[in-house]
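This is what each chain is made of:
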Amino acid sequence: MKLTIHRNHSTSLYTMGMLRINQEKRCVQTVENTLTMLPPGAYGVHLSSASDHSRRIVITLPENATSPPKTGRPPILARFHPDGSYRTARKLQAICLGELLIPGALKKGVEVYTRLFDRLEKAEKRHEPITLFISERGMKKGKPIRHWGGDE
């Protein structure tokens, strides 16, 4: 299975992109912390469960790569608990998924994540390798939008 994130807009706070699965036309919005995001490239993906029953999609770094700056741990695609709550402990290291609400913010993350996790789980049961490709081709730089007002 091939997951592709095409990053299309970056600010000093967040980077937005689109996730495609096997080049499908339907895609999912992504938001990442600009300071801790992975460099463009190819990464392995595997599924994991934690003791609190949350289900994680873990991104495996290549053997010669180092963890993203400021984290020291491999990133994850946003992790949700079975009760639907979002665990923020690793939020700064996560690639968050969902439908676009406003620039830099997503909605319906649990539903999108659950559908993706189920698809990946089926691929793992078929012993199909899962690869994540990250591209920044054509990415535009900008300033973050201040949603709640305030001084620049």
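To keep things clear, this report deals only with the structure shown in the data block.

### Structural notes on the pattern of salt bridges
Close approach of charged atoms lets side chains of opposite charge pair.
Here comes step 1: Under the definition given, this model contains 4 salt bridges.
Here comes step 2: A salt bridge links Arg7 to Glu136; its shortest N-O distance comes to 2.8 Å. One end of the pair, Arg7, is in strand 1 (residues 2-10); the other, Glu136, is in the loop between strand 9 (131-135) and strand 10 (140-141), and 129 residues separate them in sequence.
Here comes step 3: With a relative accessible area of 0%, Arg7 lands in the buried category.
Here comes step 4: With a shortest N-O distance of 2.8 Å, Glu128 and Arg126 are connected by a salt bridge.
Here comes step 5: Accessibility expressed as a relative area gives 26% for Glu128, which makes it partly exposed.
Here comes step 6: Taken together, the shared-partner salt bridges in this structure form one network comprising Arg7, Glu32 and Glu136.

### Comments concerning the pairing of strand 3 (residues 27-33)
Here comes step 1: In terms of residue burial, strand 3 counts as a mostly covered element, since 6 of its 7 residues are buried.
Here comes step 2: With antiparallel pairing between neighbouring strands as the criterion, strand 2 (residues 14-21) and strand 3 make up a hairpin whose turn holds 5 residues, including Asn22 at a positive phi of roughly 50°.
Here comes step 3: Judged from the 4 bridges that link them, strand 3 and strand 7 (residues 94-102) form a sheet pairing that is antiparallel. The residue bridging Thr30 from the neighbouring strand is Leu97, located in strand 7.

### Examining the nonpolar core
Here comes step 1: Grouped together as the largest cluster of nonpolar side chains are 24 residues, with contacts concentrated most on Leu3, Ile57, Leu116, Leu120 and Leu132.
Here comes step 2: Counting only elements with at least two residues in this core, the list comes to strand 1, strand 2, strand 4 (41-49), strand 5 (55-60), strand 7, helix 1 (109-125) and strand 9.

### What about unusual backbone geometry?
Here comes step 1: With phi around 50°, Asn22 is a residue other than glycine that occupies positive phi space.
Here comes step 2: Within the fold, Asn22 resides in the loop between strand 2 and strand 3.
Here comes step 3: By relative accessible area, which is 38% here, Asn22 ends up partly exposed.

Rules and cut-offs
Per chain, residues are indexed from 1 in the order of the written sequence. Restriction of local features to residues with pLDDT of at least 70 applies here, the model being predicted, together with a cutoff of 80 or more for giving and counting side-chain atom pairs; totals for whole chains, interfaces and linings are based on all residues. To get the side-chain values, take all heavy atoms of the structure and skip hydrogens and water. Salt bridges, as used here, are contacts in which a Lys or Arg side-chain nitrogen is within 4 Å of a carboxyl oxygen on Asp or Glu. Secondary structure follows DSSP: runs of H or I at least 4 residues long count as helices, runs of E at least 2 residues long count as strands, and numbering of each begins at the N terminus. Each residue's exposure class comes from its accessible area (1.4 Å probe, protein chains only) as a fraction of the maximum for that residue type: buried when under 20%, exposed when over 50%, partly exposed otherwise. At least two DSSP bridges between two strands are needed for those strands to be called paired. Nonpolar cores were defined as sets of buried Ala, Val, Leu, Ile, Met, Phe, Trp, Tyr and Cys residues, with membership established by side-chain atoms within 4.5 Å.

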